[in-house]
Amino acid sequence: MIVNNIRLVLEQEVVAGSLEIRDGRIASFSDSPSALPGALDGDNGYLLPGLVELHTDNLDKCFTPRPKVDWPAHSAMSSHDAQMVASGITTVLDAIGVGDVRDGGHRLENLTKMIEAIQVSTRRGLNRADHRLHLRCELPHSTTLPLFETLLATPELSLVSLMDHSPGQRQYASLEMYRLYYQGKYHLNDAEMDAYERDQRALAARYSTPNRNAIAQLCRARGIPLASHDDATRAHVAESHAVGTHIAEFPTTQEAARASRECGMQVLMGAPNIVRGGSHSGNVAAATLAAEGLLDILSSDYYPASLLDAVFRLVDDARNTLTLPQAVALVTRNPARAIGLNDRGAIAEGLRADLVLAHTEHGHAHVRHVWSQGRQVF
């Protein structure tokens with residue numbers, strides 16, 4: 001198949017031309033239009049590598065679209081997959097929580113069901129995107145390590161992140177923000193919230209450090225990439241680096257982002273942070289890190305369509321000097337390389353034909369077509 005009349009977003013430049021797909025791979029591309037009949041007219045759109053998503057909890061939302069509502073697994077997985085490809089995402093690491101910040105949380109209940117849904121749909125060839133597994137390990141919890149040990153050999157496991165959402169540090173350095181979020185989430189009165197906060201502090205004191213060290217050691221032994229989560233200080237970053245972390249997920253301060261980079265860790269931030277113009281938690285803005293040259297990877301986190309949108313917003317942001325190829329690398333080549341996927345993430349001969357045809361209209365980016373291994377899936 002040939003895609004004609006396109007602007008190819010290559011690793012260093014944008015070139016007008018055409019591209020040929022053969023046997024699921026990029027066979028060739030040219031800086032001139034193809035004269036062969038039957039080529040797809042790209043209508044002068046941008047042809048990008050398929051987007052690579054390392055951290056999304058969208059599958060969790062599809063399984064529990066409302067509190068106390070459990071959706072059938074096949075339907076939930078199908079809907080999630082459709083949202084991914086419609087957003088231009090062709091490789092997705094579905095982030096699933098191991099351990100929970102509150103006993104009985106639906107993430108813990110859905111753990112096995114979601115992993116099985118990924119495996120069954122993949123085995124049956126039902127997915128349009130390439131789905132893999134990201135285990136988000138909530139460290140201050142008694143069940144986290146034993147649960148993780150049972151899942152360690154899961155073939156789809158491609159990334160593990162170490163999280164600690166206990167009060168008074170990292171994402172919740174502000175106790176006011178912590179109480180506002182969890183009191184609303186769990187519908188607690190003031191006395192119940194006080195008890196909950198005390199319990200979480202006690203759990204963190206008992207489990208966070210031993211769980212961090214044990215899980216990191218298991219990941220190092222198996223060569224599984226490891227990510228930190230919400231590091232806020234140089235001390236947090238040093239702790240993450242010491243256990244072998246390669247990716248710094250959502251550092252909450254510029255200090256932590258800079259320290260992560262100095263340690264050789266790649267900095268991952270949320271695309272919604274770019275789209276909304278800042279962090280909803282009051283933490284450092286992703287655009288600020290981009291302007292300082294401290295941003296390596298973007299993740300859609302909780303809103304799949306934000307990934308492509310953020311790319312073009314960064315390029316249009318006068319505070320940044322990112323070119324379109326550099327911004328595209330944040331959602332393609334960089335995340336792919338961070339987890340060892342060297343067969344995708346760029347437009348180059350021989351790589352997987354995971355591609356996105358996008359147009360910009362009225363100041364917004366729109367996905368026109370998506371290919372996964374050369375098969376049109378949107």
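Rules used throughout
Residues numbered from 1 in each chain as written. Predicted model: local features only at pLDDT ≥ 70, side-chain atom pairs only at ≥ 80, totals over all residues. Heavy atoms only, no water. Pairing = 2+ DSSP bridges. Helix = DSSP H or I, 4+ residues; strand = E, 2+ residues; numbered from the N terminus. Buried < 20%, exposed > 50% of the residue type's maximum accessible area, 1.4 Å probe, protein only. Arc of directions from axis to C-beta. Contact = heavy atoms within 4.5 Å. Axes fitted to C-alpha atoms, helices over the stretch in contact; angles between N-to-C directions. Phe/Tyr/Trp six-rings, centres within 6.5 Å; stacked < 30°, edge-to-face > 60°. Lys NZ or Arg CZ within 6 Å of the ring centre and 35° of its normal.

Draft legend 1. Fine view of the pairing of strand β14 (residues 364–372). Alignment of strand β13 (residues 355–361) against β14, held across seven bridges, turns out to be antiparallel. Residue pairing in the sheet places Thr 360 in a bridge with Ala 365 of β14. Count of turn residues in the β13/β14 antiparallel hairpin: two residues, of which His 362 carries a positive phi of about 55 degrees. Where β14 meets strand β15 (residues 375–376), two bridges bridge the pair, whose relative direction is antiparallel. Of the residues in β15, the one forming a bridge with Trp 371 is Gln 376. Turn length for the β14-β15 hairpin, with the two strands adjacent in sequence and antiparallel, is two residues, and the turn residue Gln 373 shows positive phi of about 50 degrees.

Draft legend 2. Spatial organisation of helix α9 (residues 254–262). Those residues of α9 that sit buried are Ala 256, Ala 257, Ala 259 and Ser 260. Seen end-on, α9 carries its buried residues on one side only, within an arc spanning 165 degrees. Next to the buried residues of α9 lie α8 (234–242), β10 (247–249), β11 (266–270) and α11 (286–291). One or two steps after α9, the chain reaches Gly 264, where phi turns positive at roughly 85 degrees.

Draft legend 3. Examining the sheet that holds strand β5 (residues 51–56) more closely. Taken in spatial order, the eight strands line up as β5-β6-β7-β8-β9-β10-β11-β12 in an open sheet, and their pairing is parallel. Of all the strands in the sheet, the pair left with one neighbour each is β5 and β12 (297–299). The average angle at which neighbouring strand axes cross in this sheet is 25 degrees, direction not considered. Sheet analysis places β11 next to β12, joined by three bridges and oriented parallel. Across the sheet, Gly 270 pairs through a bridge with Ser 299, a residue of β12.

Draft legend 4. The packing of aromatic side chains, seen in detail. According to the stated counting rule, one finds one aromatic pair in the structure shown. Pairing Tyr 46 with Phe 312 gives two aromatic rings, centres 5.6 Å apart and planes at 55 degrees, and the pair type is tilted. Linking Tyr 46 in strand β4 (residues 40–49) with Phe 312 in helix α12 (residues 306–316), this pair joins segments that are 266 residues apart in sequence. Judged by relative accessible area, which is 14%, Tyr 46 ranks as buried. Geometry around Tyr 46 places Arg 7 over its ring, the cationic atom sitting 4.0 Å from the centre.

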